[in-house]
Amino acid sequence: MGRVILFSILFRVLTAVFTQSYFQPDEYFQALEPAHKYVFGYGHLTWEWVSPQPLRSMLYPAVNIPMYWLLKVSSLDVYPSLVVAGPRVIHGLLAALTDVWVWKLSILVVSGCFLSLTSFFHSLSLSRSLSNSLETSLTTVALGYFPWDMASASSSLLDLCVVLYQFQRSLVFAALACAVRPTNAIIWVYMFTILFWRLKANTRLLVLTVRDCAIVGFVFILAVFAIDTWFYGRPTLTLFNFLRVNASPVSVFYGSSPWHYYLSQALPILCTTTLPFLLHGLWLVFREDGAKLRIMAGCVGWTVSVYSFVGHKEWRFLQPLLPMMHIIASRSIAQLVLRDAQAEHPKRASNTVSKMHQSLLRPRLLVSAFLSLSIPASMYVMFFHCTGQIKVMSFLRGTPADNSTTIGFLMPCHSTPWQAYLHRPDLAEPGKMWALGCEPPLGLQLPVKYRDQTDVFFESPISYIQAHFPAHVDPTFPPSPYPSSVPNVSFIQTLRTIEIQSGSWDLEWRHEWPRYIVCFGVLLEEPGILALFKEKGYNEVWKGGWEWEGDAKRRGGVRVWEYS
């Protein structure tokens, strides 16, 4: 056990520290930036944090606060690389919980730790500062404590105390997972409903478990309310706001997918080489196995079905199910390995232990080799995919720390990290470092017609620059007066007025020409942009990333142009 824990910790921490790629904006703007702003006093808060009814709780970003605080009080924050690496270590440690508890849960079912360690999607996402990753670890721990045999417990006081204590530990971690991401409750609605149904014959135990659910649920809701109210300075319950907004048309603003998205795209990407074993394992579970694996399989099916009814879908929303899918898949692997060994050596007295061991070893090697086919893909997404969006922050970190340094990001919103990776207090003044915004259609009756700042810019980049930038570059590079919108009450009222009057979604943003312009290479292919940059006196000084990767607006690599 000790070796498994140490290896998992070492593996996940190294993965977290040395990952070079960009995956999701939430990794930075919903975890690191709020914590960085809280400790150091500067950082970018997105609309989820500053809207009249905020959606995000400080609970998850607070995981990063101790590391930031330690760096600050020790004056080690003068080394930006430590500011970047410190939180990565924390999230690597948290990611290791998934591997360790999959291994512990496997003792109750079948071996699944190898699948967890070699998982492509875990390599991509688990060690990152994403709430889905911590949600996955907490869910796995809660499943490890889940009282699978609670219904068969005797009525003795000692047995009741043991199973209730086990259930309470599972309940606490499940509540933590729901506090981090409220949608995690979908998993536990199924798990606890099954548990209550199995306890229907034991009224005393059923009443006690329902009581514990009510108490723990109330305590955690009260705790989140207290944290939110303290952070925002007014009575706030982000759990409610999060669920309300995600059930509204606002969530579809960030993309909508067909009902079969999770079946046709997400599950194959999450499972990769594990998928054939998962499908075979599901068949075995419902043909042969007992309640434990059937409950897991049912939970996977229930959760995927519920999520499929929601318009906005992402792969990572299913990540908390991945440990259960690994365990079900490992049931298939165990059966295939044992069947091949028995087929090669039928029951004969002459068969030795050594021959049986050799028979088991060969199919294990074949299965391991097949599962390892995902490792090259894992290496690519960790070290080579979309690296320009991360490396550009290292370049910008080295720009002169004087009043003339201003930076503008003419790229889709949240395409790079921010102050958590830059750590430049001299650029914290409003307007000195800015990016295009993508605030959602808050308060609108017909959000489908809405166009955010990024949309307005990319409809005609040259027209946007001509309308929102001055005719000449000011060589003192003053801060931009209104580079993006602030989603406050005034912003919502403005959107409603535009909707009623069928006006333009251009909110008359005002930019000053910055000393450095950061963009994707594809922007330079837009009519007139390259000639305009050169005409204004800009020259390309840095380029990073692959030109072919990314969506249509993020191709061509990351470029930095400097006025000279």
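See the structure printed just above.
Remember, predicted model here, so these are calculated numbers, not experimental data.

> Would you mind going over the overall build of the protein chain with me for this structure?
Helices and strands together make up the secondary structure of the protein chain, namely 24 helices and five strands. Rg of the C-alpha trace for the protein chain: 26 Å, near the compact-globule value of 24 Å for 564 residues, within the 12% margin. Counting only C-alpha atoms, the protein chain reaches 90 × 50 × 50 Å along its principal axes. Counting every atom, the protein chain has about 24,900 Å² of accessible surface; 65% of that belongs to carbon and sulfur. Charge centroids of the protein chain, computed over 44 positive and 36 negative side chains, lie 12 Å from each other.

> It is not clear to me how the packing of helix α2 (residues 26–40) against helix α4 (residues 65–73) should be interpreted in this structure. Could you clarify?
A packed helix pair is summarised by two numbers, namely the angle formed by the two axes and the spacing between the axes. Direction vectors running N to C along α2 and α4 enclose 40°, while the axes themselves pass 9 Å from each other. In terms of orientation, α2 lies oblique with respect to α4. As for how α2 packs across α4, the hand of that crossing is right-handed. Facing Leu32, Ala35, His36, Tyr38, Val39 and Phe40 of α2, the residues of α4 in contact are Ile65, Tyr68, Trp69 and Lys72.

> Honestly, the state of the cysteines in this entry has me stumped. Any pointers?
Linking two cysteines covalently via their sulfur atoms produces the bond known as a disulfide. Enumeration according to the criterion identifies one disulfide in this entry. Covalently, Cys413 is tied to Cys438 through a disulfide, its sulfur atoms 2.0 Å apart. Taking the sign of the torsion about the S-S bond as the criterion, the disulfide between Cys413 and Cys438, at about 90°, is right-handed. Of this pair, Cys413 sits in the loop between β1 (407–410) and α20 (419–422) while Cys438 sits in the loop between β2 (433–435) and α21 (453–459), and the two are 25 residues apart along the sequence.

> Before we go on, may I ask you to explain the sheet that holds β1 in this structure?
Sheet strands associate in pairs through backbone hydrogen bonding, adopting either a parallel or an antiparallel arrangement. The five strands are arranged β2-β1-β3-β5-β4 in an open sheet whose pairing can be described as mixed. Edge positions in the sheet fall to β2 and β4 (538–544), since each has one partner strand and no second. Strand after strand, the sheet turns through a mean of 20° between neighbouring axes, direction not considered. Across five bridges, strand β3 (residues 516–520) lies against strand β5 (residues 558–563) in antiparallel orientation. Pairing of Tyr516 across the sheet is with Glu562, part of β5. Sheet strands in contact with helix α24 (residues 529–536) are β1, β3, β4 and β5, and its direction is about 30° off that of β5.

> I'm lost on the packing of aromatic side chains in this one. Help?
Each aromatic ring pair is described using two quantities: the centre-to-centre distance and the angle formed by the ring planes. Evaluated as defined, the whole model comprises 38 aromatic pairs. Three or more aromatic residues joined by ring pairs form one cluster here, namely Trp434, Phe469, Phe477, Trp513, Phe533, Tyr538, Trp561 and Tyr563. Over the aromatic face of Trp197 sits the side chain of Lys200, whose NZ or CZ is 4.2 Å from the ring centroid.

> Can you help me understand a nonpolar patch on the surface in this one?
Judged by side-chain polarity, Ile215, Phe218, Val219, Leu222 and Phe225 come together as a nonpolar surface patch covering roughly 480 Å² of accessible area. Structurally, Ile215 is set in helix α11 (residues 203–232). With a relative accessible area of 47%, Ile215 lands in the partly exposed category.

Reading the values: rules and limits
Within each chain, residue numbers correspond to sequence positions counted from 1 in written order. In keeping with the predicted nature of the model, local features appear solely for residues at pLDDT of at least 70, side-chain atom pairs appear and are counted solely at 80 or more, and the whole-chain, interface and lining totals rest on all residues. Water and hydrogen atoms were dropped before computing side-chain values, which therefore reflect all heavy atoms in the structure. The secondary structure listing takes helices from DSSP runs of H or I that are at least 4 residues long and strands from runs of E that are at least 2 residues long, numbered from the N terminus. Between the two quantities, the radius of gyration covers C-alpha atoms and the globule rule is 2.2 Å times the number of residues to the power 0.38. Accessibility throughout is a Shrake-Rupley quantity obtained with a 1.4 Å probe, and a residue counts as covered only by protein chains that appear here. Neither His nor the chain termini are counted; the positive set is Lys and Arg, and the negative set is Asp and Glu. Note that the charge is assigned to NZ on lysines, CZ on arginines, CG on aspartates and CD on glutamates. Only the stretch in contact is used when fitting a helix axis, every axis being a line fitted to C-alpha atoms; angles between N-to-C directions are given from 0 to 180 degrees. These descriptions rest on fixed angle ranges, namely under 35 degrees for roughly parallel, over 145 for roughly antiparallel, 65 to 115 for roughly perpendicular, and the rest for oblique. In this scheme, a crossing is called left-handed if the near helix is turned counterclockwise away from the far one by less than a right angle; it is called right-handed if the turn is clockwise. Contact criterion: two residues are considered in contact whenever any of their non-hydrogen atoms come within 4.5 Å of each other. The disulfide criterion used throughout: a pair of cysteine sulfur atoms within 2.5 Å. Should DSSP find at least two bridges between two strands, the strands are taken to pair. Centre distance within 6.5 Å is the pairing criterion for rings of Phe, Tyr and Trp, where only the six-membered ring of Trp is used; planes under 30 degrees apart are then read as stacked, over 60 as edge-to-face, and the remainder as tilted. Comment: the charge-over-ring label is applied if NZ (Lys) or CZ (Arg) is within 6 Å of the ring centre and within 35 degrees of the ring normal. Patch building starts from residues that exceed 30% relative accessible area and form no salt bridge, then joins like charges within 9 Å and nonpolar side chains (Val, Leu, Ile, Met, Phe, Trp, Tyr) within 5 Å. Salt bridges are defined by distance alone: a side-chain nitrogen of Lys or Arg within 4 Å of a carboxyl oxygen of Asp or Glu. Each residue gets one of three labels from its accessible area relative to the maximum for its type: buried under 20%, exposed over 50%, partly exposed in between, using a 1.4 Å probe on protein chains only.

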